[in-house]
Each structure stands twice: as structure tokens, then as C-alpha cells.
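Analysis of the macromolecular model
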Amino acid sequence: MKQHSGNKNFYPVIGMMSGTSLDGLDIAACLFQESFSGWKYEIIVAETIDYSPEWDKKLRQSHTLSGEELTMLDRQYGVYLGQQVRRFLSKHGIIGGLVASHGHTVFHLPGKGCTLQIGHGAYIAAETGLPAVTDFRSTDIALSGQGAPLVPIGDKLLFGEYSFCLNLGGFANLSFDQNGERKAGDICPANIVLNYLASKHGHNFDKNGDHGRNGIINHELLNALNNLDFYNTPLPRSLGREWVDEYIFPLFRTFPDSTNNHLRTFYEHIALQISRYIVPNSIVLITGGGAFNVFILERLSFFTGAELYKPSDQLIKFKEALIFAFIGHLRFTNKTNCLKSVTGASRDSCCGALYLP
């Protein structure tokens, strides 16, 4: 959509994404156009804003707060997000048309019919003076869906030329077409566990997978991981931090070993679980922070026999922000943006709460 840059008839949608690994707030200014040949997109500019130690602590501990404290944090974080959008627009000389924010997930419990992503849209709209779309998951859960994954609508309409779209973020999630219908789901935890283990070495992440590469597989731990009941659950399915706390971290205590060996084992676990779904010789679009992890890509290539396609660094880093901008655009224009085939809901829907300034 390069031809539309600067066209006053097209105003960017500002997409925002904050993942479970809390490695920063991704903001992307994006343009979209629908034509007879399908959707086109452009990322005008994007950046990641690191959280201050204070915000990192607030968000990391948000699930421990009382109802009143959590409600206050929801509003405070909305103000913060709005301020970041204003700074971003001013810095890059952009006039925005819409803000679409995923928010920070405090808990995601679709089995209990509830989910919460904080960063209240009313406060984003008030701070920016722009319409804001937030709370993308609640409608789908109300329709008996998982409220996740949401990205597959963007995978289908923006990246349909790839056999599989694999995101290696806090969780590894996959989407693909099967018999003309989009299928998707969370496959297994990824960076949420790898980063936790890397922190034991004093690092935020395991750069290039070097620590894991130097470890040895603990086969008892690997078998225990692969035999968790969740992996027998068919798609669609979703994971949250709560599941990792309950089922993954205790296994590291049950099978004590060096941090490198735990990392090596979990890399193998990730690659094995993903390879159950990917067809050999297919083309896989890989994005998310894990796309920069050389070792995990080596193990995926070994087990899948697929062509792993790494796009530009910008798309690797900001694909989710781009797609939430797209989902927000679909919501603002009253188009379907959530697919029952990937969430298990009773019907497709147009999800998201719209707040006007």
C-alpha cells in the first residue's frame, strides 16, 4: 500500500501489543486497503517501548491485586497507553485515525468463562482524542469460544500465501487452512518459559539459544512435558500464564537439573509439539521474538522438514501489533474479525469494545 502513504483519505490505525513475556509495548502505525484481489497492508513505522521497572513490576504482579486495585491499574494503564500513542504520533509526525490495543492479559480462563486484558479503552480515547478499540476477547468467550487465538483472521486475510503462520512469542501458536477453513490454536508455551529459565543466568532471554544448545536433554523431563494432558486436546485451544504456573514450572522442580539442561529439554519439547502439526515441505511464516532464536529454528527445521521463512525484522517484531491494528479496523468497520473455526465459538463475530473520544 505504498501508494497510499500521505493520502489524506487514509488514516493510520495504531496497533498496540503487550505480550505475556513483558518485553515491551509494541506500537505500529498501519494502513489497510481491501480490493478485489484481497487485503493489502503497510506498516508505516513501528517501535517497541521498554517498560520502566515500575511498570514491569505493576503488570507482572497484576494478577495478585484486589478488585479495587486491579480496577485502578486498568485505568492507569489505559492512561499510560494513551500517552505512549500521543508521544508516538508526535515523534513520527503521524495523524492517527484509530487506536487498537490488545492490552495486558492479567488472566485468561475461558473454561470459567472469563478473561481480562487491562488498559481501559475509554482512557486511551480520552488521552489520544481518537476512537479506541479494546477488549477483543470477551465477546468470543460470551459465545462459548476460547477468546483466542485472535491473530488467525489476519493470517488468513493478510498472509494467506503461506501454508502455516507460526508465532513464537510467550506461547507458540499456529494457524493454517484446512479444507477451506482456518484452524489455529496455542501449541505450547515458548518464551514465557525460555525467558524464565534464561533469567537464572541473569539474562532476559537466551540469545540465539546458546545456553540451551550447550545443555543435554533430560529425557525424563521431556517425557513428562510431552505427556501433559493439554497436548491431547484438539484445536482450537488456548493457554495462559496460569497453566504454565500449574503444570510446567513444577516439573522443573520434580526433575531437578542444570538450567542449561532444562533449557535444552524445553527447546526439544517446543520443536516436537509444533512438528505434530506442520506438514513436510510446506512454507512456514515465522514471526515473534523466537524467530531470532537460531537454535529453536534449527530444531524446528530438523523435526518438520518444512521451509521456515523469516520475513523482515520489522514484520517479525511487529506482526501482532499489525494484526491487532487490522482487527481493530475490522471492528470499526463492522466486519467479522473473530473466527469460530479457531476459537470454538458458536458463531463468527465482530469483537472489541469501541470507545469514542
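Anything mentioned here points back to the structure above.
The model shown is predicted, which means the values in this text are computed figures rather than measured ones. (Residues numbered from 1 in each chain as written. Predicted model: local features only at pLDDT ≥ 70, side-chain atom pairs only at ≥ 80, totals over all residues. Heavy atoms only, no water.)

1. Some details on the sheet that holds strand E10 (residues 181–189)
Convention followed: Strands are labelled as partners when DSSP assigns at least two bridges between them. Starting at the N terminus, helices and strands are each numbered in turn, a helix being any DSSP run of H or I of at least four residues and a strand any DSSP run of E of at least two. Lines fitted to the C-alpha atoms define the axes, with helices restricted to the stretch that makes contact. Angles between their N-to-C directions range from 0 to 180 degrees.
With mixed pairing, five strands are arranged side by side in an open sheet as E10-E9-E8-E11-E12. Across the chains shown, the open sheet's two edge strands, defined by having one partner strand only, are E10 and strand E12 (307–309). Strand after strand, the sheet turns through a mean of 20 degrees between neighbouring axes, direction not considered. Pairing geometry for strand E8 (residues 164–168) and strand E11 (residues 283–287), over four bridges, is parallel. Opposite asparagine 167, over in E11, you have threonine 287 as the bridge partner.

2. Points about the packing of aromatic side chains
Let me state the cut-off plainly: In summary, the pairing rule links any two rings of Phe, Tyr or Trp, Trp by its six-membered ring, whose centres are within 6.5 Å, and it sorts them by plane angle into stacked for under 30 degrees, edge-to-face for over 60 and tilted for everything else. Note on exposure labels: buried denotes an accessible area under 20% of the residue type's maximum, exposed denotes more than 50%, and partly exposed covers the range between, all computed with a 1.4 Å probe on protein chains only. Only Lys NZ and Arg CZ are tested; either one counts as a charge over a ring when it is within 6 Å of the ring centre and within 35 degrees of the ring normal.
Within the structure shown, the criterion is met by 19 aromatic pairs. Summarising the aromatic geometry, the rings of phenylalanine 136 and phenylalanine 324 are spaced 5.6 Å apart at their centres and angled 55 degrees between planes, so their arrangement reads as tilted. Of the two residues, phenylalanine 136 is situated in the loop between strand E7 (132–134) and helix H4 (138–142) and phenylalanine 324 in helix H12 (residues 313–332); the sequence distance between them amounts to 188 residues. Here phenylalanine 136 and phenylalanine 324 have matching classes, each one buried. Among the aromatic residues, those joined into a ring-pair cluster are Tyr51, Trp55, Tyr77 and Tyr80. It is lysine 58 that lies over the ring of tryptophan 55; its NZ or CZ is 4.6 Å from the centre. Over the face of the ring belonging to phenylalanine 302 we find arginine 299, whose NZ or CZ atom lies 4.7 Å from the ring centre.

3. Things to note about the side chain of histidine 120
Definition in use: Contacts between residues were defined by any pair of non-hydrogen atoms, one from each residue, lying within 4.5 Å.
The topology assignment puts histidine 120 in the loop between strand E6 (114–118) and helix H3 (121–128). Not counting the four nearest positions on each side in its chain, histidine 120 is found in contact with Asp74, Arg75, Gly78 and Tyr355.

4. Brief notes about the packing of helix H2 (residues 67–92) against H3
Our working rule: What makes a crossing left-handed is the near helix being turned counterclockwise from the far one by less than a right angle; a clockwise turn instead makes it right-handed. Classes in brief: Ala, Val, Leu, Ile, Met, Phe, Trp, Tyr, Cys and Pro nonpolar; Asp, Glu, Lys and Arg charged; the others, Gly included, polar.
Following both chains from N to C, one finds H2 and H3 inclined at 35 degrees, their axes separated by 7 Å at the closest point. For the element pair H2 and H3, the recorded crossing hand is right-handed. From H2, Arg75, Gly78, Val79, Leu81, Gly82, Gln83, Val85 and Arg86 reach across to H3, where they touch Tyr123, Ile124, Glu127 and Thr128. Class assignment of the residues belonging to the contact of H2 with H3 gives a composition of five nonpolar, four polar and three charged.

5. What to know about unusual backbone geometry
Residue proline 149 is reached from alanine 148 by a cis peptide bond, and omega for that bond is -10 degrees. Its place among the elements puts proline 149 in the loop between H4 and helix H5 (152–158). Residue proline 236 is bonded to the preceding leucine 235 through a cis peptide linkage, with omega at 5 degrees. Positive phi outside glycine occurs at asparagine 179, with the angle close to 55 degrees. Tracing the backbone shows asparagine 179 in the loop between strand E9 (171–178) and E10. Asparagine 179 sits in the exposed class, given a relative accessible area of 80%.

6. Observations concerning the pattern of salt bridges
What counts is decided by this rule: One speaks of a salt bridge when a side-chain nitrogen belonging to Lys or Arg is within 4 Å of a carboxyl oxygen belonging to Asp or Glu.
Overall, the coordinates contain 14 salt bridges when judged by the stated rule. Lysine 156 is paired through a salt bridge with aspartate 177; the nearest N and O atoms lie 3.4 Å apart. Taken as a pair, lysine 156 in helix H5 and aspartate 177 in strand E9 lie far apart in primary sequence, 21 residues in all. Judged by relative accessible area, which is 30%, lysine 156 ranks as partly exposed. Here aspartate 177 falls in the partly exposed class, since its relative accessible area comes to 38%. Across the pair glutamate 268 and arginine 264 runs a salt bridge whose closest N-O atoms are separated by 2.7 Å. Here arginine 264 and glutamate 268 lie together in helix H10 (residues 259–275), a separation of four residues that amounts to about one turn. With respect to burial, glutamate 268 and arginine 264 carry one shared label: buried. Within this structure, Glu47, Arg87 and Lys91 form a network of salt bridges that share partners.

7. Regarding the side chain of asparagine 293
Short version of the rule: Between N or O atoms, a polar contact is any pair within 3.5 Å; within protein, one atom must be a potential hydrogen donor and the other a potential acceptor, and residues adjacent in sequence are included only when both atoms are from side chains.
If you trace the backbone, asparagine 293 turns up in the loop between E11 and helix H11 (294–304). Using a relative accessible area of 8% as the deciding quantity, one classes asparagine 293 as buried. Engagement of the side chain of asparagine 293 in a polar contact is seen with the backbone nitrogen of isoleucine 296, the distance being 3.1 Å. Asparagine 293 has contacts with Asp206, Asn208, Gly209 and Tyr267, leaving out every residue within four places of it along the chain.

8. Digging into the sheet that holds strand E2 (residues 25–35)
In sheet architecture, strand pairing relies on hydrogen bonds along the backbone and comes in two forms, parallel and antiparallel. One open sheet holds the six strands; their spatial order is E3-E2-E1-E4-E7-E13, and the pairing between them is mixed. Unpaired on one side and paired on the other, strand E3 (38–49) and strand E13 (353–355) mark the two borders of the sheet. Across the sheet, the axes of successive neighbouring strands diverge by a mean angle of 25 degrees, strand direction being ignored. Where strand E1 (residues 13–18) meets E2, six bridges bridge the pair, whose relative direction is antiparallel.

On their own, these measurements won't tell you what the molecule is for.
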